[in-house]
Amino acid sequence: MIKRAWWKEAVVYQIYPRSFMDSNGDGIGDLKGITSRLDYLKELGIDVIWLSPVYQSPNDDNGYDISDYQAIMQEFGTMEDFDEMLAEAHRRGIRIVMDLVVNHTSDEHRWFVESRKSVDSPKRDYYIWRKGKGDGQPPNNWGSCFSGSAWQYDDATDMYYLHLFSKKQPDLNWDNSAVREEVFSMMDWWCQKGIDGFRMDVISMISKTADMPDGKVGEGGIYGDFGPYCIHGSNVHRYLKEMNEKVLSHYDLMTVGETSGVTVEEALKYAGEEEHELNMVFQFEHVDLGNVNGKWNRNPVPLTEFKKVMSKWQTCLKGKAWNSLFLGNHDQPRSVSRFGNDSPKYRELSAKMLATCLHMMQGTPYVYQGEELGMTNYPFTDIGQFRDIENLNAYRELVTESRLWEEKELISCFQYKSRDNARTPMQWDDTENAGFSTGTPWIGVNPNYKEINAKEQVGNPDSVFRYYQKLIALRKEQPIIVYGDYELLMPEDASVYAYIRRLDGQSLLVLCNFSSEEKEADVPAQFFGKGAEVLISNYGRDSADGIGKLRPYEAAAILLETP
C-alpha cells in the first residue's frame, strides 16, 4: 500500500537569496527580488521553494550564522517583505520551506552574548564550554569544518567553546532542555506565520558525546576528526521525536534533514514512515564520491560507483522511507560542471541528461537555482575572487601558513569544488550583471551570462529550462515516476546509467549516456514493441526505434503499458 503525500509528489526549488534577484541595486539579492520572480518559478512548474536563511545575521557564513531567528536580515529586507513574499507564493500555489539552522547560532546572538559573560550566567549552559588541557591547548584536537581548531579560547572565563564550523558559529547545547524549548517555540512561531516546512541544517550534529576525546588525524591532516563524537549522537533521535511531538506534528509540513555521513540504516531512523521524526533526509554519498583525503581534489565521479550509491538508496528505502533527489545545492559546485560536460558543445545535452536521470527516480527532486538553465562553474583564477569562508580559511591554512599546497594547485581544486560556484548571481538576461542587479554584485557574475540566461531560455522551446518544465510536468501526470519501484540495469557499464521503474502494470525505462561518445545500451526487448511511448528525450526522439544506440549525453524515458 503506497502512502501518498503532497511532499512526495512535489518538486522543490532552492533559492539562495543573496544571489537570486536584487531589487534595490545594492548588489545583494533580497526578498522583494524573490517576489518579483515568482511568476518565473510558477511557469517552471515547481511546487515548493526552499529558502536558504533570511534571518538576521552578521554573515560570517552567508546567513548560516544567525543572530536573531525572528528577524529578517537587513540586507534582505523586512518582515513585511517576507510576509508579502509568503502571501504571493501561496497565491500562486507555491509553498515556502525555511532553512532551520539550530546546531549553532552566531556569536552575536543574545544567548551567546549572555553565555560568555561568566560561568554563572543563566545562559552559560546554552553552549558547550570546556577547560583547556593547559599550556594553551584546547580541550581536544578536533578540527572545524572551516579549517583550524573546533575550539575557540575565550579569555573572559578562561575557557573554550565548541564551534564545529566558524568560530563565530558556537554550537548549541541540545542536552539542555531550555535550549530545546527555545528552539521549539521559535519553530512554532514560524509555523503560525504560515510557512510550509523546514530544511534542517546539519541536524545530525545536534547530539554530542559528553567525554569528547581526541579524534583520529587523517593522512596529511592537522586536526582530529570530530565525526564519531558529534554526528548521529546518542540523543539525536530522542530530540527529533520531541521536536515532532511538540511542533511538527501540529502542522502539515515538509521536513528534510541535512545528515552528512548518514547510512541507509541511520536514515531509516530519521525518516522512517513510522518513526515520527522527519519526512526525508539529504544523504551525500553520491556527491562525496572521488573525495580521497579530503574535499580538495579534481577527481571525476566514477559512474559505476555513482549508480551503486544511487541504486542503494532507491532500493533500501523502498516502502520504508523517502528519498531526496539532488545533484546541486548551495554547498556543491554546479551539477553540469561536476557530473556532466559544461563545454559549449555538450552543456545543454548533458544538463538535460542529468535532469532526466535524477527526476525519473523515486523521491522528491530538488532544483538548485540556475540548474534549470544549465548554469556552470565560474572560471576562478585567484583567491581574491572567492567569498566563501571555507575557501578563504583553507587557503590561509594550506597555502599561507603551512605551505602544504601550492597556490595554483589549490585554486584549481577550488575551481572544481568551491561552494562559490553555486553562489554566483542568477543569470536572468544578457544585460549588465545578467539582470541580477543594477549595482555591483557581491560576488562576480559568470561571464557566460550572455549565452546562458533565463530570458533566452524561456523563449526557446528547446532550452534546458523548457526541458525541466516538461520533466516537472511529467511527474504530475505519471504516478509511476513518483511511486514506481526501481531496478538498475547494466550495473557495471562505465558510461550508461539505465534503470526501470514499475507500477500498476506500467514499466518506465530510463536511459542516460554519461559520455561524449556513442554507446550501446542493453535495452529489454519489450521496449522496442508496440505501445512503447517516448515520454521525454533530449535529442527529440519520437519513437523507441534505435534506442539501443545512445548518442553523446543522450537521455530518454520510455513508457510501456503492459497488456
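A brief report on the enclosed structure follows.

What counts and how
Residues numbered from 1 in each chain as written. Predicted model: local features only at pLDDT ≥ 70, side-chain atom pairs only at ≥ 80, totals over all residues. Heavy atoms only, no water. Salt bridge = Lys/Arg side-chain N within 4 Å of Asp/Glu carboxyl O. Buried < 20%, exposed > 50% of the residue type's maximum accessible area, 1.4 Å probe, protein only. Helix = DSSP H or I, 4+ residues; strand = E, 2+ residues; numbered from the N terminus. Expected span 1.5 Å × (residues − 1). Polar contact = N/O pair within 3.5 Å; in protein donor to acceptor, adjacent residues only side chain to side chain. Pairing = 2+ DSSP bridges. Axes fitted to C-alpha atoms, helices over the stretch in contact; angles between N-to-C directions. Contact = heavy atoms within 4.5 Å. Phe/Tyr/Trp six-rings, centres within 6.5 Å; stacked < 30°, edge-to-face > 60°. Lys NZ or Arg CZ within 6 Å of the ring centre and 35° of its normal.

**Topic: the pattern of salt bridges**
Move 1: Enumeration over the complete set of coordinates arrives at 44 salt bridges.
Move 2: Notably, a salt bridge pairs Arg-4 with Glu-9, separated by 2.9 Å at the nearest N-O pair.
Move 3: Classification of Arg-4 by relative accessible area gives exposed; the value is 60%.
Move 4: A salt bridge links Glu-181 to Lys-246, with the shortest nitrogen-to-oxygen separation between them at 2.6 Å. Note that Glu-181 is positioned in helix H6 (residues 177–193) and Lys-246 in helix H8 (residues 236–246), a separation of 65 residues in sequence.
Move 5: Overall, Lys-246 belongs to the partly exposed group, its relative accessible area being 36%.

**Re H6**
Move 1: Helix length check: H6 (17 residues) gives 25 Å between terminal C-alpha atoms against 24 Å at 1.5 Å per residue, within 8%.
Move 2: Here H6 has its buried residues at Val-179, Arg-180, Val-183, Phe-184, Met-186, Met-187, Asp-188, Trp-190 and Cys-191.
Move 3: Two or three places before Ala-178, at the start of H6, stands the capping residue Asn-176, its side-chain oxygen 2.9 Å from that residue's backbone nitrogen.
Move 4: Positioned one or two residues after H6, Gly-194 has a phi angle of 115°, which is positive.

**Quick word on the sheet that holds strand E9 (residues 197–200)**
Move 1: If you trace the eight strands once around the closed barrel, you get E1-E2-E5-E9-E10-E11-E12-E13, paired in parallel fashion. Strand-to-strand twist of the sheet, defined as the mean angle between neighbouring strand axes without regard to direction, takes the value 25°.

**Observations regarding the environment of Thr-364**
Move 1: On the secondary structure map, Thr-364 appears in strand E13 (residues 364–368).
Move 2: In this structure the C-alpha to C-alpha distance between Thr-364 and Ile-46, which are 318 residues apart in sequence, comes to 11 Å.
Move 3: Contacts of Thr-364, omitting those with residues within four sequence positions, involve Trp-7, Lys-8, Ala-10, Val-12, Met-280, Trp-322, Asn-323, Ser-324 and Leu-325.
Move 4: A polar contact is formed between the side chain of Thr-364 and the side chain of Trp-322, at a distance of 2.9 Å.

**Considerations on unusual backbone geometry**
Backbone geometry follows two general trends: most residues other than glycine have a negative phi, and most peptide bonds adopt the trans configuration.
Move 1: For His-276, which is not glycine, the phi dihedral falls at a positive 55°.
Move 2: Along the chain, His-276 falls in the loop between helix H9 (264–271) and strand E11 (280–282).
Move 3: Positioned with a positive phi, Met-490 is a non-glycine residue whose angle comes to about 50°.
Move 4: Relative to the elements of secondary structure, Met-490 occurs in the loop between strand E14 (485–489) and strand E15 (496–503).

**Thoughts on H8**
Move 1: Three or more residues of H8 are buried, namely Val-236, His-237, Tyr-239, Leu-240, Glu-242, Met-243 and Asn-244.
Move 2: Buried residues belonging to H8 abut strand E5 (95–100), H6, E9 and H9.

**Describing the sheet that holds E14**
Two strands in a sheet stick together by hydrogen bonds in their backbones, pointing the same way (parallel) or opposite ways (antiparallel).
Move 1: With antiparallel pairing, the five strands of this open sheet are ordered in space as E14-E15-E16-E20-E18. Pairing within the sheet leaves two strands with one partner each, and these edge strands are E14 and strand E18 (532–537). Ignoring strand direction, the axes of neighbouring strands in this sheet form an average angle of 20°.
Move 2: Alignment of strand E16 (residues 506–513) against strand E20 (residues 555–561), held across seven bridges, turns out to be antiparallel. Paired with Leu-511 across the bridge in E20 is Ala-556.

**Digging into the packing of aromatic side chains**
Move 1: On inspection of all chains with the given rule, the structure shows 36 aromatic pairs.
Move 2: Arranged with centres 6.2 Å apart and planes meeting at 85°, the rings of Trp-50 and Tyr-366 form a pair that is edge-to-face. Of this pair, Trp-50 sits in strand E2 (residues 48–51) while Tyr-366 is found in strand E13, placing the two residues 316 residues apart along the sequence.
Move 3: For Trp-50, a relative accessible area of 2% translates into the label buried.
Move 4: Judged by centre distance (5.8 Å) and plane angle (5°), the rings of Phe-112 and Trp-129 are stacked. With Phe-112 in helix H5 (residues 110–115) and Trp-129 in strand E6 (residues 129–130), this residue pair connects regions lying 17 residues apart in the sequence. Just as Phe-112 is buried, Trp-129 falls in that class too.
Move 5: Put simply, the rings of Tyr-55, Tyr-69, Phe-82, Trp-111, Tyr-126, Trp-189 and Trp-190 pair up and form one aromatic cluster.
Move 6: Looking at Arg-37, its charged tip hangs above the ring of Trp-428, at a distance of 4.0 Å from the centre.

Note that every value here comes from positions in space, so none of it alone points to a role or purpose.
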